[in-house]
Amino acid sequence: MKHLLKLSDLSGEEIIGILNLADQLKYEKKNGIEHKYLAGKSLGMIFEKSSTRTRVSFEVGMYELGGNPLFLSSSDLQIGRGEPVEDTARVLSRFLDGIMIRTFAQKEVEDLAKYGSIPVINGLTDYAHPCQVLADLLTIREHKNILKGLKLCFIGDGNNMANSLIVGCIKCGMKVAIACPDTNKPDADIMAWASENGDFVCTSDIESAVSGADVVYTDVWASMGQEAEAEERRKIFAGFQVNEEFMALANDGAMVLHCLPAHRGEEITAETFEKHADEIFDEAENRLHAQKAVLVKLMKD
Ligand code: CP
Ligand code: NVA
């Protein structure tokens, strides 16, 4: 594993390997065991979109691993003034030991990896959010002790989260049901792969998708970059909400996860959110442990 650009580049064994290392790093942190595996290493973190969890967990994660994180806002970098990705990649490769980037186009992340000579980590694109799904899988495994055979139902927009959840869950032997409007399905390449490689369904029938689910997942109706469409999207996604009525159809003890930030009253009710707050905030914490595992896998000598 040279980069983390999207989960489809990884095997199921590699994903489980990251989760196992994340468990180890979490144990070491909780027990005060030093784990400065990246002493002397620097990570550049390029942000072309906002972030709370990704920024803070990568930054704190690098400190805890003994390394040095650099926050690089694209509005301050020359990349924001049109310096080509090919040149940025080659320059940053001379200074840094790794790059994390949050941006719009998946191609920009792939190009950084192509033209640079250091590991590149996708911190969210319009297409994928692999770091989040590693933390999600870690959280599900912590709560349920197993991944294989569990059913995850995602209700909402067929967006970057839906794309990455489909790939990550199926690679770990889970079943996936996506409930979304016919107009807003996950990317066609991912659905084609999922249909061939796993137990996968995409439907606008929320009741059938959520029936028998062990994990119910949702995300915002308007992602970053879609703010101008928010009003229209409220109409498109009305009803595609995680609430008590749908949770009654899921399995007993079903978890609710949300990558956050959440919009209560839209994709999830305040009631269901608060009932499952412990799971949702464990999930947020696990961004730290999962990301540290990715950093160690990619950057440790
Ligand atoms: N879930 C997530 O990636 O959160 P941020 O946008 O705050 O980084
Ligand atoms: N789909 C959301 C995820 C945020 C973590 C977005 O792209 O804004």
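Here's a quick rundown of the structure.

Calculation criteria
Residues numbered from 1 in each chain as written. Chains lettered and ligands numbered in written order. Predicted model: local features only at pLDDT ≥ 70, side-chain atom pairs only at ≥ 80, totals over all residues. Heavy atoms only, no water. Helix = DSSP H or I, 4+ residues; strand = E, 2+ residues; numbered from the N terminus. Rg over C-alpha atoms; globule rule 2.2 N^0.38 Å. Contact = heavy atoms within 4.5 Å. Areas by Shrake-Rupley, 256 points an atom, 1.4 Å probe, with all protein chains shown as cover. Lys, Arg positive; Asp, Glu negative; His and termini not counted. Charge placed at Lys NZ, Arg CZ, Asp CG, Glu CD. Polar contact = N/O pair within 3.5 Å; in protein donor to acceptor, adjacent residues only side chain to side chain. Buried < 20%, exposed > 50% of the residue type's maximum accessible area, 1.4 Å probe, protein only. Arc of directions from axis to C-beta. 1 Å grid on protein atoms, 1.4 Å probe; cavity = no way out; pocket = protein on both sides within 12 Å on 5 of 7 lines; lining within 4 Å. Points joined across faces, edges and corners; volume = space filled by probe spheres on them. Pairing = 2+ DSSP bridges. Salt bridge = Lys/Arg side-chain N within 4 Å of Asp/Glu carboxyl O.

### Topic: the overall build of the protein
Check the secondary structure of the protein and you find 12 helices and 9 strands. Since a compact globule built from 301 residues should have a radius of gyration of about 19 Å, the 19 Å found for the protein is in line with a globular shape. Expressed as lengths along the three principal axes of its C-alpha atoms, the size of the protein is roughly 55 × 45 × 35 Å. Restricting the contact set of the protein to residue pairs at least 6 apart, pairs at least 24 apart contribute 74%. For the protein, the computed accessible surface area is about 12,600 Å², with 48% contributed by carbon and sulfur atoms. Across the protein, the centroid of the 32 positively charged side chains sits 5 Å from that of the 47 negatively charged ones.

### Structural notes on the environment of Tyr37
Turning to its location among the elements, Tyr37 is positioned in the loop between helix H1 (12–30) and strand S1 (42–47). Along the backbone, Tyr37 and Lys292 are 255 residues apart, and their C-alpha atoms lie at a distance of 9.8 Å. Filtering out sequence-adjacent residues up to four positions away, Tyr37 remains in contact with Gln24, Leu25, Glu28, Leu65, Val296 and Lys300. Within the local environment of Tyr37, its side chain forms a polar contact with the side chain of Glu28, the two groups lying 2.9 Å apart.

### What about helix H7 (residues 188–197)?
Turning to H7, its buried residues number three or more, namely Ile190, Met191 and Ala194. Seen end-on, H7 carries its buried residues on one side only, within an arc spanning 95 degrees. Of the exposed residues in H7, those oriented more than 90 degrees away from the buried face are Ala188 and Glu196. Where H7 is buried, its residues contact helix H6 (160–171) and strand S7 (200–203).

### What to know about unusual backbone geometry
Excluding glycine, most residues fall at negative phi; most peptide bonds, likewise, are trans. Following Leu260, the chain continues into Pro261 via a peptide bond in cis, with omega recorded as 5 degrees. With respect to the secondary-structure elements, Pro261 resides in the loop between strand S9 (255–258) and helix H11 (270–275). Positive phi, close to 70 degrees, is recorded for Leu260, a residue that is not glycine. Relative to the helices and strands, Leu260 is located in the loop between S9 and H11.

### Remarks on empty space enclosed by the protein
Rolled over the atoms, a probe as big as a water molecule pinpoints where empty space is left. Taken as a whole and assessed by the stated rule, the structure comprises 1 cavity of 30 Å³ or more. Estimated volume of the largest cavity: approximately 50 Å³. Per element, the largest residue contribution to the lining of the largest cavity is 3 residues, and it comes from H6.

### Some remarks on the pairing of S9
Both faces of S9 are covered, namely the face carrying Met255 and Leu257 and the face carrying Val256 and His258. Across 4 bridges, strand S8 (residues 215–218) lies against S9 in parallel orientation. Bridge pairing in S9 links Thr218 to His258.

### Concerning the pattern of salt bridges
Within the structure shown, the criterion is met by 18 salt bridges. Between Arg55 and Glu59 there is a salt bridge, with its nearest N and O atoms 3.0 Å apart. You can see Arg55 and its partner Glu59 sitting in helix H2 (residues 53–64), 4 residues apart, about one turn around the helix.

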